[in-house]
Amino acid sequence: MRNIALKLMYVGTAYHGWQIQKNAVSVEETLEKCLSYVVGHPVKCTGAGRTDAGVHALAYIANFRTTSTIPCDRLPLAVNTRLPDDIVVTEAVEVSEGFNAISSCVKKEYTYRIYNSRSRNAFLVDRVWFYPYKELDVSIMQRAADCFVGTHDFAAVRSVGTDVKSTVRTVHWFDITRQGKTIECKVCANGFLYNMVRAMVGTVVYAAEGKFPPESVSDILEGRCRTDAGPTAPPGGLYMSRLWYDEPGLNKGAVE
């Protein structure tokens, strides 16, 4: 039985996230159906993480086990001929028996894009957070973002009611840059809570709006109260952008 890791990218607009849902179409379900047809037996994929409805992936890893002898270099083309245009497998790699796309992941990076303009861009619908209200000061956003870096309890920026053993995570960086009208927020951590990145982005935007001083984000984290932080930013601006693994087949580094 071979263990195959797939590198893929997808536009999440038409899907209810990665994970299979009872009454909605997901990326996982769509991929599994196509893979099953290609390899000739039922397939169960393990994904690098749950992405919310409408969230995209520039880079994503999923692994599955198969008795098929199809060479890895032929798998992407075979699967892509059956997949819809908004999901693309870019590479297939045979990995060790113990490899698991989620538990073997060392850290992840998400990129959130804000289109900060008075008029919307028709080609960026569902790809960015369209923000027309004022010009956001990236320096203020960065000062707020810096408060998230390090090991903290992130209960203040997770969806209320989600059940996890611990809300402590380590954020390695939260970098904010602007190029023209587009603001990019890149967040890397050892793991993320449900809606954590979108709430972090909403919080730094609140700081730029003057709702609270950027340095007060540290106090918000200590208070652990979701209503003290900013809103959850819309899903369309969020992309999984890089993943890190120690797996030799994945070159022991960032997948992007």
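What counts, and at which threshold
- Residues numbered from 1 in each chain as written.
- Predicted model: local features only at pLDDT ≥ 70, side-chain atom pairs only at ≥ 80, totals over all residues.
- Heavy atoms only, no water.
- Phe/Tyr/Trp six-rings, centres within 6.5 Å; stacked < 30°, edge-to-face > 60°.
- Helix = DSSP H or I, 4+ residues; strand = E, 2+ residues; numbered from the N terminus.
- Buried < 20%, exposed > 50% of the residue type's maximum accessible area, 1.4 Å probe, protein only.
- Lys NZ or Arg CZ within 6 Å of the ring centre and 35° of its normal.
- Core = buried A, V, L, I, M, F, W, Y, C linked by side-chain atoms within 4.5 Å.
- Contact = heavy atoms within 4.5 Å.
- Pairing = 2+ DSSP bridges.

One pass over the full model with this rule turns up 11 aromatic pairs. Each ring, one from tyrosine 110 and one from phenylalanine 192, has its centre 5.1 Å from the other, and the planes form 90°; the classification is edge-to-face. Within this pair, whereas tyrosine 110 is found in strand β5 (residues 105–115), its partner phenylalanine 192 is found in the loop between β9 (182–189) and α4 (196–208), the two being separated by 82 residues in sequence. By the burial criterion, tyrosine 110 is buried, and phenylalanine 192 matches it. Relative to tryptophan 129, the ring of tyrosine 112 lies with its centre 6.3 Å away and its plane at 85°, an arrangement referred to as edge-to-face. With a gap of 17 residues between them, tyrosine 112 in strand β5 and tryptophan 129 in strand β6 (residues 129–130) connect regions that are remote in the sequence. As far as the burial class goes, tyrosine 112 and tryptophan 129 line up, both buried. Above the ring of tryptophan 244, the side-chain terminus of lysine 107 is found at 4.9 Å from the ring centroid. One Lys or Arg, arginine 113, reaches over the ring of tyrosine 239 and ends 4.6 Å from the middle of that ring.

Once that is clear, we can look at the nonpolar core. By size, the foremost hydrophobic cluster in this structure holds 78 residues, and its most contacted members are Leu31, Ile114 and Met141. Among the elements that make up this core, the one with the highest residue count is α4 (nine residues). The residues touching leucine 31, leaving out its near neighbours within four places in the chain, are Leu6, Leu8, Trp18, Cys45, Ala62, Val79, Leu83 and Val89.

For the rest of this paragraph, the subject is the pairing of strand β8 (residues 168–179). With four bridges connecting them, strand β7 (residues 150–153) and β8 associate as antiparallel partners. Its bridge partner being in β8, glycine 150 is matched across the sheet by valine 171. Taken together, the eight bridges between β8 and β9 define a ladder with antiparallel strand orientation. By the bridge assignment, threonine 177 is partnered in β9 with glutamate 184.

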